[in-house]
Amino acid sequence: MALARRSSSLLKPLSTASSSSFLHRRPFSTDDTTTITVETSVPFTGHNCEPPSRSVDTTPKELMSFFTDMALMRRMEIAADSLYKSKLIRGFCHLYDGQEAVCIGMEAAITKKDCIITAYRDHCIFLGRGGTLLESFSELMGRQAGCSRGKGGSMHFYKKDACFFGGHGIVGAQVPLGCGLAFAQKYRKEDHVTFAMYGDGAANQGQLFEALNMAALWDLPAILVCENNHYGMGTAEWRAAKSPAYYKRGDYVPGLKVDGMDAFAVKQACKFAKEHALKNGPIILEMDTYRYHGHSMSDPGSTYRTRDEISGVRQERDPIERLRKLILAHDLATEKELKDIEKQARKEVDEAIAQAKESPMPDESELFTNVYRKGFGVESFGADRKELRATLP
Ligand SMILES: Cc1ncc(C[n+]2csc(CCOP(=O)(O)OP(=O)(O)O)c2C)c(N)n1
Ligand SMILES: [Mg+2]
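In this text, all values refer to a predicted model and were calculated from it rather than measured experimentally.

Caption draft 1: Here's a closer look at the packing of helix H3 (residues 60-85) against helix H6 (residues 133-140). Where H3 meets H6, the closest approach of the two axes is 11 Å, and the angle between their N-to-C directions is 25°. The pairing of H3 with H6 is recorded here as roughly parallel in orientation. Crossing handedness for the pair H3 and H6: right-handed. Judged by residue contacts, Leu72, Met76, Ala79, Ala80 and Leu83 of H3 engage Leu133, Ser136, Phe137 and Leu140 from H6. Tallied by class, residues from the contact of H3 with H6 come to eight nonpolar, one polar and no charged.

Following this line, the structure appears as C-alpha cells:
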C-alpha cells in the first residue's frame, strides 16, 4: 500500500537484486500484501476519547517500505550534518533523526490531499510527502534545484502539490495557519484533514490555544500533532511546562498519547484522528519521541542531557531498530538484506548530493521574486475565489 501511494525516490524500490531475491527464497516478498497484525509497543492513553486498539494491521510490503524509507531519512539527516560541518549548508539547520517514525506512520494513514504543516524540523516531512533527495539537498545548499528554489533553506521546505505547507521558523506560528487550512477544507466541503505539527516547547504558546478554541468552535478537521521530543532547545519539558501531558492540554478537545517511536502506533493514531476530525472536529496527538541530534547544528545536544540518556533511547526505543526486529521476527529479510537496504540509502544520498552540488545558486533576478512588495497591485480574494476584495496597498 505504501509503495503504490507514493512516487518519489524516497520510495523507489531499492536494488532489484535484493528485493527480487526475497521472492525466490521466502514466504513473503516486498510486494506481499498478506495481512500481519502487530501490537503497538504500549497502549494508547486517551483524554476525552476511547483510545483505538493496540493491534495494527500491516503487510510485508508496508513493513519493508517503512524500514527502507526510515533508513533513507536517517541517512539524509546524517549527510546534512556533514555538509553543514563542511560549510556547504549555512544558516539554521534542524535535524529529524530519531523522530522518523512520526512522519512515516502519519503518511501511512493519510493521503496527499490531507494537509501537513510543520515547524523548522521539516526535511523528512518533505521527503514523506514525496519530495526528492535532490530537491532536499539542493534547498539545503541554497541551489536552484531546491524545493523552494534555493531561497528558503532548511527551515522552509514546501511541496504544495502534495499539500505540504512548510517549513516555519516562528515557533508555534504554523498551528493557526494549519487551522486555517482545516477551515478551507471544511469550507470547501472536502473530506480531508490538516495535520499541524509542533513541539513540546511550542505547546506552551498562547496562539496554539486561541487557534484550538476556534477550531473546536467550528468543528474544523484539524489534528494537532505535538512531537514531544522532551526538549525545547536546551530546556527540558519539566522546566517549561506545568503539565507535560500535552495530549490533555486541549482541555475540551480530545487527545491521545502515542509512542512516537513506533511507526505502527503512529499509523493507528493518525487513522483514528482522521476519522475523528472529519466527524467531530479537532483532536490532539502527543507523539512521545526523541531527537538524537542537538536542537540545531549550533547545539552539540549533550550539555542539558546525559550521553547515557541518548544512548539509552537508541538502544531501547530506536524506531528503525524496532522495525528491523519485526522484519527479522517475521522472516521477511535477512540481516544482510537489511544492511544492503541501508547501503543503498547511503548510495542514493551520495548521488543526490553530487547532483545538488551541480545545481547553480539562484539567479540575481530572483532576489525580489516571491516577496511582498508595496504598491505592486497585489490582489487579495475572498475564500470563494470569486469576489475580488481588495488591492493591497
Ligand atoms: C516565537 C519564537 N520564539 C522563540 C524562537 C526560538 N526557538 C526556536 S526553536 C525553539 C524551541 C522549540 O522547541 P519545540 O517546540 O519543543 O520544538 P523542537 O525544536 O524540539 O522540535 C525556540 C525557543 C522562535 N524561533 N520563535
Ligand atoms: Mg521539543
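Caption draft 2: Up close: helix H10 (residues 263-280). Here H10 contains 18 residues, and its C-alpha end-to-end distance of 25 Å stays within 8% of the 26 Å for a straight helix at 1.5 Å per residue. Taking burial as the measure, the 18 residues of H10 include 13 buried ones, the bulk of the element. If you check the start of H10, you find a side-chain oxygen 2.9 Å away from the backbone N of Phe264, and it comes from Asp262. Once H10 ends, the next one or two residues include Gly281, with phi positive near 105°.

Caption draft 3: Region of the structure containing the domain arrangement of the protein. Annotation of the protein at the domain level lists domain 1 (3-362) and domain 2 (365-393). Relative placement of domain 1 and domain 2: their C-alpha centres are 33 Å apart.

Caption draft 4: The arrangement of the environment of Cys93 in detail. Relative to the helices and strands, Cys93 resides in the loop between H3 and helix H4 (100-109). Classification of Cys93 by relative accessible area gives buried; the value is 1%. Spatially, the C-alpha atom of Cys93 lies 19 Å from that of Asp350, the residues being 257 residues apart in sequence. Excluding residues within four positions of it along the chain, Cys93 makes contact with Tyr84, His123, Ser154, Ser296 and Met297.

Caption draft 5: Region of the structure containing the coordination of the magnesium ion (ligand 2). Each protein donor to the magnesium ion (ligand 2) is listed here as Asp200 (OD), Asn229 (OD1) and Tyr231 (O); together their distances run 2.1 Å. In primary-sequence terms, the residues that donate to the magnesium ion (ligand 2) follow D-x28-N-x1-Y. Note on Asn229: relative accessible area 6%, which makes it buried. Tyr231 gets classed as buried once you look at its relative accessible area, which sits at 9%.

Conventions used here
Residues numbered from 1 in each chain as written. Chains lettered and ligands numbered in written order. Predicted model: local features only at pLDDT ≥ 70, side-chain atom pairs only at ≥ 80, totals over all residues. Heavy atoms only, no water. Axes fitted to C-alpha atoms, helices over the stretch in contact; angles between N-to-C directions. Helix = DSSP H or I, 4+ residues; strand = E, 2+ residues; numbered from the N terminus. Parallel < 35°, antiparallel > 145°, perpendicular 65-115°, else oblique. Left-handed = near helix turned anticlockwise from the far one by under 90°. Contact = heavy atoms within 4.5 Å. Nonpolar A, V, L, I, M, F, W, Y, C, P; charged D, E, K, R; others polar. Expected span 1.5 Å × (residues − 1). Buried < 20%, exposed > 50% of the residue type's maximum accessible area, 1.4 Å probe, protein only. Polar contact = N/O pair within 3.5 Å; in protein donor to acceptor, adjacent residues only side chain to side chain. Domains from an automatic or database assignment. Donors = N, O, S within 2.8 Å, 3.2 Å for Na, K, Ca; no water.

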